[in-house]
Amino acid sequence: MAPRRPAELYRAPFPLYTVRFHPRRALAITAGGGGAAKTGIRNGVHFLQLEQIGGQLSASLLHSHDTETRATMTMALADDIIAAGQDADCHILRFSLQAPEARRGSDGRNGSGEKGPRRRKGPSPMGQGDTQSQSSEVTVESLHSVRTDFSPDALQKAVRFNADCSLLVTGGADGFLRLWEFPSMKKTLEFKAHDGEIEDIALGPDNKVVTAGRDFQCCVWQQDQLVTGLRWNENLPGIPDKAYRYQACRFGAVEDNAGALRLYTVQVPHKRERRPPPCYLTKWDGKSFLPLLTRPCGTEVVSCLSISDSGTFLGLGTVTGSVAIHIAFSLQRLYYVKEAHGIVVTDVAFVPESRRGRELLAGNEAALLSVAVDSRCKLHLLPSRRSLPVWLLLLLCAGLIVAAILLLQLAFPGFL
């Protein structure tokens, strides 16, 4: 049975490029915009409060932070700190939530002089998604702005915090990897990691950094020293080295193995063909960086990748607007909606598996948000898979064995 069409949880007044969840609050942050072009399309960061209302996950626009002429293309979140990639720069923002009466004056403006959050009502296909009125307010403070890319068409394409948020790593169109102390934003290291754009960055154990570039390379770095280059197709001799490039890389937890990590990468065809070849997902050992499993994941070109907190599921978005969820262990596809968006999916993010996140899931096994250039934020629910307890399976097996013995005894008297 095909999944229901995903609910439209929220619709922004500008193209959306990125979405992140706060790890402890029921808060989603999404951003985008029209850039510097004078088209009338605004640029901003929107803060969405998530809650269960009548058994349905709903969103409230708490605050719209104006980013002037800069569209936010990439974003990393560390508690109440946002690292936003805007053109060639990384802007560090700090936000806080307060009750509206603590911020508003009699004229309906907040203490910083910004207008309060606007109420929006978005469509809710299938009766699942809804945008409700806000109940609290967000204030945003700009802390730093540093230039992170120096190419002619400068653009920061990836940004990540390390595990303890003491380090920020950025990569962009100039192929340089830059490491910054946080929160001082003092640059500690920069080096040429790829000949061409850096598509994605993943931070792993022992301060190792994995970079995926458009030069067909995916590299593991310790500081500025190359540890190894990944070769996803070494066991697939029929696929030439430069037929595919790496599009995304992410580390994920391993179920039932605390502290262990797996690396996941996405490989997409370098050239478009009339009969498109498949894209591939690869799972790697997080220490040796040897490939463990590779599987095709469809012929639609993958544009983004996310991993659930427990490492159980992988979320994929495609350039044709489709969204899929795969099981991390086997890389098999569990959920798929063709053209959930009308255009390229720019980012996907799983609802956190914290206590607050579990309340939002409301019995579903996982929930994924997808955003796209069509300005929509959509909700993908993965219902809990029915499974039998181990003790019940053992009891059923024992019952079958006893029944078989009794049937044999009836058919062949004296069998026992």
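Above this text sits the structure in question.
First things first, this report covers the structure right here in the doc. Worth saying up front: this structure is predicted, and the values here are computed from it rather than measured.

1. Let's talk about the overall build of the protein chain
Then step 1. Counting secondary structure elements, the protein chain contains three helices and 29 strands.
Then step 2. Residue burial in the protein chain is summarised as follows: out of 416 residues, 51% are buried.
Then step 3. Residue pairs in contact within the protein chain that sit at least 24 positions apart in sequence constitute 52% of those at least 6 positions apart.
Then step 4. Accessible area for the protein chain stands at about 19700 Å²; split by element, carbon and sulfur atoms hold 53% of it.

2. Comments concerning the sheet that holds strand β15 (residues 198-203)
Then step 1. Pairing within the open sheet is antiparallel, and its four strands lie in the order β15-β16-β17-β18. In the strand order of this sheet, the two ends are held by β15 and β18 (225-229), each with one partner. Sheet twist, expressed as the mean angle between neighbouring strand axes with direction ignored, is 25°.
Then step 2. Here strand β16 (residues 208-213) runs beside strand β17 (residues 218-222); their pairing, made up of five bridges, is antiparallel.

3. Describing the nonpolar core
Then step 1. Counting residues in each nonpolar core, the largest one holds 23 residues, and the members touching the most others are Phe-21, Leu-50 and Leu-369.
Then step 2. Secondary-structure elements contributing two or more residues to this core are β1 (7-11), β2 (16-21), β4 (43-53), β5 (56-66), α2 (355-361), β28 (364-372) and β29 (376-383).
Then step 3. The residues contacting Leu-50, other than those within four sequence positions of it, are Leu-9, Phe-21, Ala-26, Ala-28, Leu-57, Ser-58, Ala-59, Arg-356 and Leu-360.
Then step 4. One finds Ala-202, Cys-218, Ile-239 and Tyr-244 within the second-largest nonpolar core, a separate group that totals 16 residues.

4. Looking at the pairing of strand β23 (residues 302-307)
Then step 1. Counting buried positions along β23 yields six of six residues, so the element is predominantly enclosed.
Then step 2. Bridge count for β23 against strand β24 (residues 313-318) is five bridges, and the pairing is antiparallel. Its bridge partner being in β24, Leu-305 is matched across the sheet by Leu-316.
Then step 3. The loop that links β23 with its antiparallel partner β24 comprises five residues; one of these, Gly-311, has a positive phi angle of about 80°.

5. Examining the environment of Leu-368
Then step 1. Tracing the backbone through its elements, the reader meets Leu-368 in strand β28.
Then step 2. Residues Leu-368 and Leu-381, spaced 13 residues apart in sequence, show a C-alpha to C-alpha distance of 6.6 Å.
Then step 3. Ignoring sequence-local partners within four residues, the contact set of Leu-368 consists of Gly-315, Val-323, Ala-324, Ile-325, Val-348, Ala-349, Phe-350, Lys-378, Leu-379 and His-380.

6. Overview of the packing of aromatic side chains
Then step 1. Evaluation of the coordinates by the stated rule reveals seven aromatic pairs.
Then step 2. Both rings, one in Phe-47 and one in Phe-95, keep their centres 5.2 Å apart while their planes meet at 55°; by these two values the pair is tilted. Of the two residues, Phe-47 is situated in strand β4 and Phe-95 in strand β8 (residues 89-98); the sequence distance between them amounts to 48 residues.
Then step 3. Ring plane angle 70° and centroid distance 5.5 Å describe the contact between Tyr-244 and Tyr-280, whose orientation is recorded as edge-to-face. Of this pair, Tyr-244 sits in strand β19 (residues 244-253) while Tyr-280 sits in strand β21 (residues 280-285), and the two are 36 residues apart along the sequence.
Then step 4. Judged by its relative accessible area of 14%, Tyr-280 is buried.
Then step 5. Aromatic rings pair up to connect Trp-232, Tyr-244 and Tyr-280 into one cluster.
Then step 6. Between the NZ or CZ atom of Arg-333 and the centre of the ring of Tyr-336, over which it lies, the distance is 4.1 Å.

7. Focus on the layout of surface pockets
Then step 1. In this structure, the largest pocket encloses a volume near 1300 Å³.
Then step 2. Surrounding the largest pocket, 40 residues form its lining, Leu-77, Arg-160, Phe-161, Phe-251 and Asp-309 being those nearest its centre.
Then step 3. When contributions to the lining of the largest pocket are tallied by element, the ones reaching two or more residues are β2, β6 (72-78), β11 (156-161), β15, β16, β19, β23 and β27 (345-350).
Then step 4. Partitioned by chemical class, the residues of the lining of the largest pocket number 25 nonpolar, seven polar and eight charged.
Then step 5. In terms of lining, the second largest pocket is formed by 33 residues, of which the most central are Lys-157, Glu-199, Gln-247, Ser-303 and Thr-346.
Then step 6. At the level of elements, β2, β6, β11, β15, β19, β23 and β27 are the ones that each hand at least two residues to the lining of the second largest pocket.
Then step 7. Of the residues forming the lining of the second largest pocket, the biggest block, five residues, is contributed by β11.
Then step 8. A per-class count over the lining of the second largest pocket returns 15 nonpolar, seven polar and eleven charged.

What counts as what
Residues numbered from 1 in each chain as written. Predicted model: local features only at pLDDT ≥ 70, side-chain atom pairs only at ≥ 80, totals over all residues. Heavy atoms only, no water. Helix = DSSP H or I, 4+ residues; strand = E, 2+ residues; numbered from the N terminus. Buried < 20%, exposed > 50% of the residue type's maximum accessible area, 1.4 Å probe, protein only. Contact = heavy atoms within 4.5 Å. Areas by Shrake-Rupley, 256 points an atom, 1.4 Å probe, with all protein chains shown as cover. Pairing = 2+ DSSP bridges. Axes fitted to C-alpha atoms, helices over the stretch in contact; angles between N-to-C directions. Core = buried A, V, L, I, M, F, W, Y, C linked by side-chain atoms within 4.5 Å. Phe/Tyr/Trp six-rings, centres within 6.5 Å; stacked < 30°, edge-to-face > 60°. Lys NZ or Arg CZ within 6 Å of the ring centre and 35° of its normal. 1 Å grid on protein atoms, 1.4 Å probe; cavity = no way out; pocket = protein on both sides within 12 Å on 5 of 7 lines; lining within 4 Å. Points joined across faces, edges and corners; volume = space filled by probe spheres on them. Nonpolar A, V, L, I, M, F, W, Y, C, P; charged D, E, K, R; others polar.

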